[in-house]
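Letter by letter, the chains look like this.
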Amino acid sequence: MDAPRKIPAYDALLADHGFDPVESDGLTYPLGEYRPEYGEVFELMPGISWTRTPVPGPLGHINNWILRDSHDDGSDGFAIADTGLFMPKTIEVWKDIFENGALKGQRATKIIVTHYHPDHVGCAGWLCKRFKAPLHMNRTEWLMTRMLTLDKEGGVPEEILDDWRFAGWEQRLIDDFAKKGWGRFARAVSNVPISHIRMEEGTRVTTGNADIRHQWRVMIGSGHTPEHACLVDDENHVMISGDQILPRITSNISTMISEPTADPLGEWLDSIARFRAEVDPELLILPAHGRPFKGVHQRLDTLAARHNEALDDVVAALKQKPMRVVDSFPLLFRRPITDDVIGMATGEAMATMRHLEYTGRAVHAMKDGTAWYSAA
């Protein structure tokens, strides 16, 4: 069951837009069903505007936040928080905004990236180069981007093949995926600068001009990526949450081949608890996917409850018989896991099994390269 629902108070700050707020699953969406079209820049509140760029697949889009800013000489400028995939359709959208749209005649002051995933960092290098603007990013996330963009495409590393066997993939599937090769991250990500301005816990990032100032405090969350940066404006009660807090979908929590024995789900649950304890319940959340919403405590409670229920379901099944990682799919996912999503599903299922081991609720034994889990 989801955590008890508490409807947050309506945010009068957005009332003058004329939208009817929508309430769903304990959250309030002050702008109702509104979403900006690609190329449209919508002023959400003074100093903060919202646009979107396309993402292939079920996500469909990523939200990009444009923050009013000024250059050292006092001229008007803007910062961008999260940049979209580096692909022709996204570049077309940005160019239209810069050359014909709301940002015509202005230059970027800084490019801000919450984490290293391609839909967030993809255009960052291209934007930094276009505007000669610095990149603000967490050090670990910047290093992950640099590492993955420098990976050369080629054959699948043996460690990956072993990881797929560990999870219980059929040999047919392993062979099919091996033919697709490895190292495709750079296709969707422009080369990021060789230097960056580090965003760590407590870092302050200022945007604005003489009329409006936003002082953003960085909060670091873990689990979805190693050190995901969220930006909180305490004075104006707003947070740019990236993928750390999403209103309708649950962020992917997966083990990564760079740390195959890590416990990202444990880190994720710890981050949820810390954010729950520290953030203002009345924050307006600006997520990477979906619509701006209020009710952050409710959402964090729901995310924690769903993960804990899934962990309990898997333990109950393990008490009945041993299972491979792939055997847990029906317990964790509401849709059939087909070949196009099995990679992400395996990463999530692996994170679940690893967390059960770290918390003393499961153990595994190896047989022919495959892990068989059972209840501890």
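These remarks concern the structure in this document. (Residues numbered from 1 in each chain as written. Predicted model: local features only at pLDDT ≥ 70, side-chain atom pairs only at ≥ 80, totals over all residues. Heavy atoms only, no water.)

### Side note on the packing of aromatic side chains
So, step 1. Using the criterion set out here, one finds 13 aromatic pairs in the structure.
So, step 2. Summarising the aromatic geometry, the rings of Tyr116 and Phe185 are spaced 6.4 Å apart at their centres and angled 35° between planes, so their arrangement reads as tilted. Residue Tyr116 is located in the loop between strand S7 (107-112) and helix H2 (118-121), and its partner Phe185 is located in the loop between helix H6 (171-179) and strand S9 (197-198); the two are separated by 69 residues in the primary sequence.
So, step 3. Note on Tyr116: relative accessible area 7%, which makes it buried.
So, step 4. A network of ring pairs unites the aromatic residues Tyr34, Phe42, Trp50 and Trp65 as a single cluster.
So, step 5. Directly above the ring of Phe177 sits Lys180, whose terminal nitrogen or CZ lies 4.2 Å from the centroid.
So, step 6. Directly above the ring of Tyr29 sits Arg291, whose terminal nitrogen or CZ lies 4.1 Å from the centroid. (Phe/Tyr/Trp six-rings, centres within 6.5 Å; stacked < 30°, edge-to-face > 60°. Helix = DSSP H or I, 4+ residues; strand = E, 2+ residues; numbered from the N terminus. Buried < 20%, exposed > 50% of the residue type's maximum accessible area, 1.4 Å probe, protein only. Lys NZ or Arg CZ within 6 Å of the ring centre and 35° of its normal.)

### Side note on the pattern of salt bridges
So, step 1. Summed over all chains, the structure comprises 19 salt bridges.
So, step 2. With a closest N to O distance of 3.2 Å, Asp176 and Arg172 form a salt bridge. Taken together, the positions of Asp176 and Arg172, both in helix H6 and 4 residues apart, correspond to about one turn of that helix.
So, step 3. Under the relative-accessibility criterion, Arg172 is labelled partly exposed at 42%.
So, step 4. Here Arg324 ties to Asp327 by a salt bridge, and the two come within 2.9 Å at their closest N and O atoms. (Salt bridge = Lys/Arg side-chain N within 4 Å of Asp/Glu carboxyl O.)

### Focus on the sheet that holds S9
So, step 1. In spatial order, the strands read S3-S4-S5-S6-S7-S8-S9; together these 7 strands make up an open sheet with mixed pairing. Two strands in the sheet have a free side with no partner beyond their single neighbour: strand S3 (42-45) and S9. (Pairing = 2+ DSSP bridges.)

### A short note on the side chain of Lys294
So, step 1. Within the fold, Lys294 resides in strand S15 (residues 293-294).
So, step 2. Here Lys294 falls in the buried class, since its relative accessible area comes to 5%.
So, step 3. In this structure the side chain of Lys294 is engaged in a polar contact, spanning 3.1 Å, whose partner is the backbone oxygen of Glu282. (Polar contact = N/O pair within 3.5 Å; in protein donor to acceptor, adjacent residues only side chain to side chain.)

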